[in-house]
Amino acid sequence: MTGASGTAWWRVRRRELLAELGERDCAYAYDLATLRHQARAMRGLGSVSRVLYALKANPHPAILRAVREEGCGFECVSPGEVERVHEAVPGVQPDEILFTPNFAPRAEYRWALERGIRVTVDNAAILRDWSGLFEGREIFLRLDVPQHRWAW
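This text gives an overview of the structure that appears in the document. Along each chain, residues carry numbers from 1 onward, in the same order as the chain's sequence is written. Local features in this predicted model are restricted to residues whose pLDDT is 70 or higher, and side-chain atom pairs enter the listing and the counts only when it is 80 or higher, whereas totals over whole chains, interfaces and linings include all residues. Side-chain measures here rest on the full set of heavy atoms in the structure, leaving out hydrogens and waters.

Here the rule is simple: two strands pair whenever DSSP picks up at least two bridges between them. Helix numbers and strand numbers start at the N terminus; a helix is a DSSP run of H or I with at least 4 residues, a strand a run of E with at least 2. One ladder, built from two bridges, connects strand E3 (residues 97-99) with strand E4 (residues 118-121); its direction is parallel. Considered in E4, the bridge of Phe-99 is made with Val-119. Tracing the backbone out of E3, into helix H6 (residues 106-114) and back to the parallel element E4 gives a crossover that is right-handed. Where E4 and strand E5 (residues 140-141) come together, two bridges link them in parallel fashion. Among the inter-strand pairings, Thr-120 is bridged to a residue of E5, identified as Phe-140. Here the term right-handed applies to a crossover when the path leading from its first strand over the helix to its second strand runs clockwise, the strands being oriented away from the viewer.

In structure tokens form, the structure reads like this:
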């Protein structure tokens, strides 16, 4: 986000950020006002019905609380991330979380489903081999369409 002068927030707060850095070589810096602004902008898109914050971006409790206050849910790739959300943001409901693991064992899918959390399935073999686990459940299905290789 930029200020009234059109200058990026981190340039405006350069001295403060450098002072915070101290003797360290590097650090990540997040501006909650910018984060909130971006969350509101995404939520304001008429074609988007739901905005989820991916915990893998940064699971800092202040960030998680801010995105929830702006009406966003959470996308988690592990039970640990789901638990992190519940620790940082008390009162989060299962329908505010989407569980999107990659190559997770059946037990992790079961864990999420037992808690009422919607899951993403990205592997046809899982649907075929564990069909009973997903029977009668609403899931998100992520398709990875193979690329067509052209012979020239």
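Turning to the environment of Gln-93, a few remarks are in order. Secondary-structure assignment places Gln-93 in the loop between helix H5 (79-88) and E3. Throughout this description, buried means an accessible area under 20% of the type-specific maximum (1.4 Å probe, protein chains only), exposed means over 50%, and partly exposed covers the range between. For Gln-93, a relative accessible area of 42% gives the class partly exposed. Counting along the chain gives 45 residues from Gln-93 to Glu-138, while the straight-line C-alpha distance between them is 16 Å.

With that settled, consider the packing of aromatic side chains. When we look at a pair of aromatic rings, we describe it by the centre distance and by the angle of the planes. Centres within 6.5 Å are what make two rings of Phe, Tyr or Trp a pair, Trp counting through its six-membered ring; a difference in plane orientation under 30 degrees is then read as stacked, over 60 as edge-to-face, and the rest as tilted. According to the stated counting rule, one finds four aromatic pairs in the structure shown. Summarising the aromatic geometry, the rings of Phe-99 and Tyr-109 are spaced 6.4 Å apart at their centres and angled 85° between planes, so their arrangement reads as edge-to-face. With a gap of ten residues between them, Phe-99 in strand E3 and Tyr-109 in helix H6 connect regions that are remote in the sequence. An angle of 85° between the planes, with centres 5.7 Å apart, marks the rings of Tyr-109 and Phe-134 as edge-to-face. Residue Tyr-109 is located in helix H6, and its partner Phe-134 is located in helix H8 (residues 131-134); the two are separated by 25 residues in the primary sequence. Within the aromatic cluster, the residues linked to one another by ring pairs are Phe-99, Tyr-109, Trp-111, Trp-130 and Phe-134.

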